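This is what each chain is made of:
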Amino acid sequence: ALDAAAYLPEAPMPEVPPQYLPTCADDIASSSADGPLAMGLPLPQATLAQVPRPLQAADAEHPGVVRLCTWSLALWNAGAPGPDAQASRWELGVLCGALLVSVPPATLALVPGAATAACAAWEAVADALFAGKAVDGSTWRLALRLAGFALDRHRELAAALAA
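Remember, it's a predicted structure, so these values are computed and weren't measured experimentally.

A. Examining the nonpolar core more closely. Counting 30 residues, the largest nonpolar core has Trp 76, Trp 122 and Val 125 as its most contacted members. Broken down by secondary-structure element, the contributors of at least two residues to this core are α2 (63–79), α3 (86–100), α5 (114–131) and α6 (137–150). Those residues in contact with Val 125 that sit more than four places away from it in its chain are Gly 93, Val 94, Ala 143, Leu 146 and Leu 157.

This is the structure in structure tokens:
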């Protein structure tokens, strides 16, 4: 269930394209044992150009936007590991950064400590991207997608990537 206090844009939900609808049980049973259909998942046909980016909130003071910012801050402060726990820092940075995708930069100024925590999270995302094979593959791919979504919206991420 969705949290009613979270920011939900008033945009209508698009119709699900037919290629994303669940396949029938006969198709799943007749597929190979190691393919995506064996798990009951439809094969996506959409290109990345068809995947919309998450919307950024128009109201920096919206309670749901402030809540996303506060969650990112709280998780970063609760889980910021020491220098020897680099993998956990990368994963935490991706999580906290993902919470900030829809949060406009103006909201960070409203929540005490949020700007510092956001900078640290974006630095962790940038570190993960540049660490290459030292990062778990799924964490690296999530960090790359997150950077693509947030690069033009959050100057702190751009600064961390440029440093």
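From this point on, the discussion continues.
B. A look at the environment of Asp 136. Along the polypeptide, Asp 136 turns up in the loop between α5 and α6. Sequence separation between Asp 136 and Glu 91 is 45 residues; the distance between their C-alpha atoms is 9.3 Å. Only 2.5 Å separates the side chain of Asp 136 from the side chain of Ser 138, close enough to count as a polar contact.

C. The environment of Glu 156, seen in detail. As for its placement among the helices and strands, Glu 156 is situated in helix α7 (residues 155–162). Residue Glu 156 is classed as partly exposed on the basis of its relative accessible area of 23%. A sequence separation of 35 residues divides Glu 156 from Ala 121, and the C-alpha atoms of the two residues are 9.3 Å apart. Those residues in contact with Glu 156 that sit more than four places away from it in its chain are Leu 108, Cys 119 and Trp 122.

D. Looking closely at the side chain of Ser 72. You can see Ser 72 is positioned in helix α2. The class for Ser 72 is buried, based on a relative accessible area of 5%. The contacts of Ser 72, once residues within four sequence positions are left out, are Cys 96, Leu 99 and Leu 100.

E. Structural context of the packing of α3 against α5. Taken N-terminus to C-terminus, the directions of α3 and α5 make an angle of 120 degrees; their axes are 8 Å apart at the nearest point. In terms of orientation, α3 lies oblique with respect to α5. Crossing hand, α3 versus α5: left-handed. Note on element contacts: α5 touches α3 through Ala 118, Ala 120, Ala 121, Trp 122, Glu 123, Ala 124, Val 125, Asp 127, Ala 128 and Ala 131, opposite Gln 86, Arg 89, Trp 90, Gly 93, Val 94, Cys 96, Gly 97 and Leu 100. Residue composition of the contact of α3 with α5, by class: 12 nonpolar, 3 polar and 3 charged.

F. Spatial organisation of α3. Taking 1.5 Å of rise per residue, 15 residues should cover 21 Å, and α3 covers 21 Å from first to last C-alpha, within 8% of that figure. Along α3, the residues that are buried comprise Arg 89, Trp 90, Leu 92, Gly 93, Val 94, Cys 96, Gly 97 and Leu 100. Structurally, α3 contributes buried residues whose contacts are with α2, α4 (105–110), α5 and α6.

G. Representation of the pattern of salt bridges in the model. In the structure shown here, the tally under the stated rule is 1 salt bridge. The closest approach of N and O atoms between Asp 127 and Arg 89, which form a salt bridge, is 2.8 Å. Taken together, the residues span a long stretch of sequence, with Asp 127 in helix α5 and Arg 89 in helix α3 at a distance of 38 residues. A relative accessible area of 35% means that Asp 127 is categorised as partly exposed.

Thresholds, definitions, all that
- Here the residue numbers are simple positions, counted from 1 along each chain's written sequence.
- Local features in a predicted model are, by the rule used here, given only for residues with pLDDT of at least 70; side-chain atom pairs are given and counted only at 80 or more, and totals for whole chains, interfaces and linings are based on all residues.
- Side-chain metrics in this entry use all non-hydrogen atoms of the structure; hydrogen atoms and water are not considered.
- Residues belong to a common nonpolar core when they are buried Ala, Val, Leu, Ile, Met, Phe, Trp, Tyr or Cys residues joined through side-chain atoms within 4.5 Å.
- Between buried and exposed lies partly exposed: a residue is buried under 20% and exposed over 50% of the maximum accessible area for its type, with that area taken using a 1.4 Å probe on protein chains only.
- Strands are runs of DSSP state E lasting at least 2 residues, helices are runs of H or I lasting at least 4, and numbering of each runs from the N terminus.
- Any two residues having at least one pair of non-hydrogen atoms within 4.5 Å are treated as being in contact.
- In protein, a polar contact requires one atom able to donate a hydrogen and another able to accept it; more generally it is a pair of N or O atoms within 3.5 Å, and residues adjacent in sequence count only if both atoms are side-chain atoms.
- Here the axes come from fitting lines to C-alpha atoms, over the contacting stretch only for helices, and the angles between their N-to-C directions go from 0 to 180 degrees.
- Roughly parallel means an angle under 35 degrees; roughly antiparallel, over 145; roughly perpendicular, 65 to 115; everything else is oblique.
- Definitions for this section: a left-handed crossing has its near helix turned counterclockwise from the far helix by less than a right angle. A right-handed crossing has that turn clockwise.
- Polar here means any residue outside two lists: the nonpolar Ala, Val, Leu, Ile, Met, Phe, Trp, Tyr, Cys and Pro, and the charged Asp, Glu, Lys and Arg; Gly therefore counts as polar.
- Residue count minus one, scaled by 1.5 Å, sets the expected span of a helix.
- A side-chain nitrogen of Lys or Arg and a carboxyl oxygen of Asp or Glu constitute a salt bridge if their distance falls within 4 Å.

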